[in-house]
Amino acid sequence: MTEKLKLAVPRGALFEETLAMLDSIGLDCAPVRAVSRSLLFELDGITIVTLRPSDIPTYVEAGAADLGITGKDVLMEQSERVVYELLDLGYGRCEMIVATRKGTAVADELERRLGAVRVATKYPEIATRHFEQQGRQAEVIEVKGSVELAPVVGLADAIVDLTATGRTLAENDLEVRETIATCTARLVANRVAHKLRQAEIDDLVGRLDGR
Amino acid sequence: MTYLIPPGTRDILPDEMRELRQLSWALLGAFGQFGYGEVSTPTMEYEDVLVQGDERAAGASYRTFDEAGQVLALRSDMTIPIARLAATRFTDRDAPLRFCYLSPAYRAVTPQRGQQREFLQAGVELIGVGWPEGTVEVLEVLSAALDAAKLPRARIGVGDAGFYRGLLESYGIPAEQAEPLLAALASHDLVELERLASALDVGAKQRSVLVDLPGLRGGRGVFDRAAELGGTAAADAVSQLRVVSEGLEAKGLADRVIFDLGLVRDLGYYTGAVFEVYDPALGHVLGGGGRYDELLGRFGRPLPACGFALYVERVHVAQAEEERSGQGGPR
């Protein structure tokens, strides 16, 4: 078992904090930060690959990466993926919310009269599950970006989205109606690696947990 | 012109077929050496019969009606069909009964996940031998099968389906709080497990035992570690596994297994030891199994039983990977 552990790191919003955390436990991530087109980095004692956050469960489930870091929102949206969720890393905190246009009860009124709401979201699985669990009917419309626009132009009555500061919501005249979950960065592991590389993984988890 | 086949199914061409046949013969040969007789059962069973064995019909996904309006289901594994066969066709034969099989089974797939709707399983069922002897024998056969498949680096994870439930009961945790904890464990969500445990009305010591014990996995040292962490309650909960580990040690199989206190399998019929098979060349499990001491009783012949199934196509992929990296060959 000479090969190094492979850790998938999310590019995007969680990238800087993830590298800072890895630095803090003694893994020098300077090569990962350096501007380059590389996606794979050989550090001392570990191999780092950088991926889109939403691809991380795919790579980890297949064992193409032994470990990965991604948001709880991604794990909730891809709940059918079999990975071990080992650690709540605490950073990248944001909320999965239901929002509608500010100041009115438009959505409530529509839900009452028509028996259903139209919900635009990048997270169709989370949105569908949330409304189903509450026994409410929702027509979930998947969009790939600019979700906040949907209620403004009438594509949907409400949105399900992730918000950290609420600024984008406010700028689009939207307000939070319900909170579905609080999401933070999580450490996940491949099912086979978790068993066959127990000592190395437990050691890394211990260092990350005790930081 | 192209004509499609359903996603999750595939055509097998001569080169692969030749290798799959060789692997299948090697596996059946290993089973035969231990006195397991090969059986075959129908691809489709009455749904009622599968439900008799497991209320979810062991996850059967494809159903149709016959000409009399009866519901037929494609089997999702061989354990329930063989339990039915043993209870129906061998009523006057004394236990133990030893059966093996090489058969396709069928499960639903999620699109674009690389899952197989139709897959080949090779496995054994040992009926009429309880623990620890039966468990040790089945693990010995499984280890021999992995040798026959030329996977010296493969390991068998061994857990206990009742271990964590027993621990929760010994702490007096009511069912409505215990079930979510067991569900978190089954979905491998250790963050949620810790969150739920922190809300329990138990002492700090017991809470840390509930969080830390499922993370223990490794050689037989895990039993001492469990007793160290959790005292007599934990020692009692792992006592059956410890006896199995002694039996494996006596057969020289200690380095083949990883004892895993967090291992649970989601099929409802498992009652004691549960197994999963891993190889470093593949990120997916190669197979699994366990004890199902109550299943035969549901078909009117109460006998303890134990078995495993290997996913032959996955074993083949692992074998090819190991050969390429020069890690195949004798253990």
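See the structure printed just above.
Q: What is the right way to read the nonpolar core from this model?
A: In a soluble, globular protein the nonpolar side chains are often hidden away together inside. Counting residues in each nonpolar core, the largest one holds 101 residues, and the members touching the most others are Leu86(A), Leu187(A), Phe31(B) and Tyr164(B). Phe31(B) has contacts with Tyr36(B), Cys100(B), Tyr101(B), Ala122(B), Gly123(B), Val124(B), Val141(B), Ala145(B) and Phe308(B), leaving out every residue within four places of it along the chain. Among the nonpolar cores identified, the runner-up in size contains 34 residues, and Ala57(B), Ala58(B), Met78(B) and Ala309(B) belong to it.

Q: Quick question: what am I supposed to make of the layout of surface pockets here?
A: Vacant regions in the atomic arrangement are exposed by a probe of water-molecule size rolled over the atoms. All names here are of chain A. Roughly 1100 Å³ of volume is contained in the second largest pocket. Considering the residues around the second largest pocket, the lining is formed by 33 residues, among which Pro53, Ser54, Asp73, Val74 and Tyr123 are closest to the centre. Counting residues per element, the ones that place at least two in the lining of the second largest pocket are helix H4 (72-77), helix H6 (124-133) and strand S9 (158-163). Class assignment for the residues of the lining of the second largest pocket results in 11 nonpolar, 8 polar and 14 charged.

Q: Would you mind going over the packing of helix H4 (residues 133-148) of chain B against helix H10 (residues 239-250) of chain B with me for this structure?
A: Axes are the key here: two packed helices are described by the angle between their axes and the distance separating the axes. Residues and elements named next belong to chain B. Direction vectors running N to C along H4 and H10 enclose 50°, while the axes themselves pass 9 Å from each other. Between H4 and H10, the interaxial angle falls into the category oblique. H4 and H10 meet at a crossing whose hand is right-handed. Along its contact with H4, which presents Thr135, Val136 and Leu139, the element H10 presents Val244, Gly247 and Leu248. Along the lines of polarity and charge, the residues of the contact of H4 with H10 split into 4 nonpolar, 2 polar and no charged.

Q: For this particular structure, what's the right way to read the environment of Arg153(B)?
A: Residues and elements named next belong to chain B. Secondary-structure assignment places Arg153 in the loop between H4 and strand S7 (155-160). Owing to a relative accessible area of 24%, Arg153 belongs among the partly exposed residues under this scheme. It is 7.6 Å that separates the C-alpha atoms of Arg153 and Gln327, two residues lying 174 residues apart in sequence. With residues up to four places along the chain from it excluded, the contact list for Arg153 reads Tyr278, Asp279, Pro280, Ala281, Glu322 and Gln327.

Q: Looking at this structure, how should I read the interface of chain B and chain A?
A: When the parts of a complex come together, some accessible area is lost, and that lost area is often taken as the interface size. The interface is formed by 20 residues belonging to chain B together with 24 residues belonging to chain A. If you sort the residues of chain B by the area they bury against chain A, Arg113(B), His188(B) and Arg217(B) come out on top, with a joint share of 37%. Counting across the chain B and chain A interface gives 4 salt bridges. Across the pair Lys195(A) and Asp260(B) runs a salt bridge, and its minimum N-O distance is 2.6 Å. One can count 8 residue pairs in polar contact (both at pLDDT 80 or more) joining chain B with chain A.

Q: Explanation requested: the packing of aromatic side chains in the structure shown.
A: All names here are of chain B. Here the structure, examined in full by the defined rule, presents 5 aromatic pairs over all chains. Plain terms: the ring middles of Phe31 and Phe308 are 5.8 Å apart, the flat faces sit at 70° to each other, and that makes the pair edge-to-face. Note that Phe31 is positioned in helix H1 (residues 14-33) and Phe308 in strand S12 (residues 305-311), a separation of 277 residues in sequence. Like Phe308, Phe31 is buried.

Q: Whenever I open this one, the packing of helix H5 (residues 163-170) of chain B against helix H6 (residues 175-186) of chain B confuses me. Can you help?
A: All names here are of chain B. Their axes nearest at 11 Å, the elements H5 and H6 cross at an angle of 155°. Comparing their axes, H6 and H5 come out roughly antiparallel. Pair H5 / H6 crosses with right-handed handedness. Across from Tyr164, Arg165 and Leu168 in H5, the residues of H6 making contact are Ala178, Glu179, Leu181, Leu182 and Leu185. Across the contact of H5 with H6, the residue classes tally to 6 nonpolar, no polar and 2 charged.

Q: Would you explain a nonpolar patch on the surface in this entry?
A: A surface patch of nonpolar side chains, amounting to about 330 Å² of accessible area, comprises Leu149(A), Val152(A), Val153(A) and Leu155(A). Locating Val152(A) in the fold gives a position in helix H7 (residues 149-153).

Q: Where do I start with the environment of Ser36(A) in this structure?
A: Turning to its location among the elements, Ser36(A) is positioned in the loop between helix H2 (30-33) and strand S2 (40-43). Taking the C-alpha atoms as reference points, Ser36(A) and Leu19(A), 17 residues apart in sequence, are found 16 Å from one another.

Q: What should I look at first to understand the state of the cysteines in this one?
A: Disulfide: a covalent bond formed between the sulfur atoms of two cysteine residues. Residues and elements named next belong to chain B. For the structure shown, the criterion picks out 0 disulfides over all chains. Cysteine Cys306 is unpaired, with the sulfur of Cys100 as its nearest cysteine sulfur at 15 Å. Take Cys306: its relative accessible area is 0%, and that puts it in the buried class.

Q: I tried to follow the sheet that holds strand S4 (residues 67-71) of chain A on my own but got confused; where do I start?
A: Note: strands within a sheet are paired through backbone hydrogen bonds, in either parallel or antiparallel orientation. All names here are of chain A. An order of S2-S3-S1-S4-S11-S5 is seen for the 6 strands of this open sheet, with the pairing classed as mixed. Sheet topology places S2 and strand S5 (84-88) at the edges, where each strand pairs with a single neighbour. Looking at each pair of strands side by side, their axes are set apart by 25° on average, direction ignored. The pairing of strand S1 (residues 5-10) with S4 spans 2 bridges and is parallel. Paired with Leu7 across the bridge in S4 is Leu67.

Q: Looking at this structure, I do not really get the sheet that holds S9(A). What am I missing?
A: Residue and element names in this part refer to chain A. Across the sheet, which stays open at both edges, the 5 strands sit in the order S8-S7-S9-S6-S10 with mixed pairing between neighbours. The open sheet has two edge strands, strand S8 (138-142) and strand S10 (174-183), and neither has a second partner. The average angle at which neighbouring strand axes cross in this sheet is 25°, direction not considered. Judged from the 5 bridges that link them, strand S6 (residues 94-101) and S9 form a sheet pairing that is antiparallel. Residue pairing for S9: Met96 is matched across the bridge by Leu162. Docked against the sheet, H6 engages S6, strand S7 (117-121), S8, S9 and S10, running at close to 175° with respect to S8.

Criteria and cut-off values
Residues numbered from 1 in each chain as written. Chains lettered and ligands numbered in written order. Predicted model: local features only at pLDDT ≥ 70, side-chain atom pairs only at ≥ 80, totals over all residues. Heavy atoms only, no water. Core = buried A, V, L, I, M, F, W, Y, C linked by side-chain atoms within 4.5 Å. Buried < 20%, exposed > 50% of the residue type's maximum accessible area, 1.4 Å probe, protein only. Contact = heavy atoms within 4.5 Å. 1 Å grid on protein atoms, 1.4 Å probe; cavity = no way out; pocket = protein on both sides within 12 Å on 5 of 7 lines; lining within 4 Å. Points joined across faces, edges and corners; volume = space filled by probe spheres on them. Helix = DSSP H or I, 4+ residues; strand = E, 2+ residues; numbered from the N terminus. Nonpolar A, V, L, I, M, F, W, Y, C, P; charged D, E, K, R; others polar. Axes fitted to C-alpha atoms, helices over the stretch in contact; angles between N-to-C directions. Parallel < 35°, antiparallel > 145°, perpendicular 65-115°, else oblique. Left-handed = near helix turned anticlockwise from the far one by under 90°. Buried area = accessible area lost by both parts, 1.4 Å probe. Salt bridge = Lys/Arg side-chain N within 4 Å of Asp/Glu carboxyl O. Polar contact = N/O pair within 3.5 Å; in protein donor to acceptor, adjacent residues only side chain to side chain. Phe/Tyr/Trp six-rings, centres within 6.5 Å; stacked < 30°, edge-to-face > 60°. Patch = residues over 30% accessible without salt bridge, like charges linked within 9 Å, V, L, I, M, F, W, Y side chains within 5 Å. Areas by Shrake-Rupley, 256 points an atom, 1.4 Å probe, with all protein chains shown as cover. Disulfide = S-S within 2.5 Å. Pairing = 2+ DSSP bridges.

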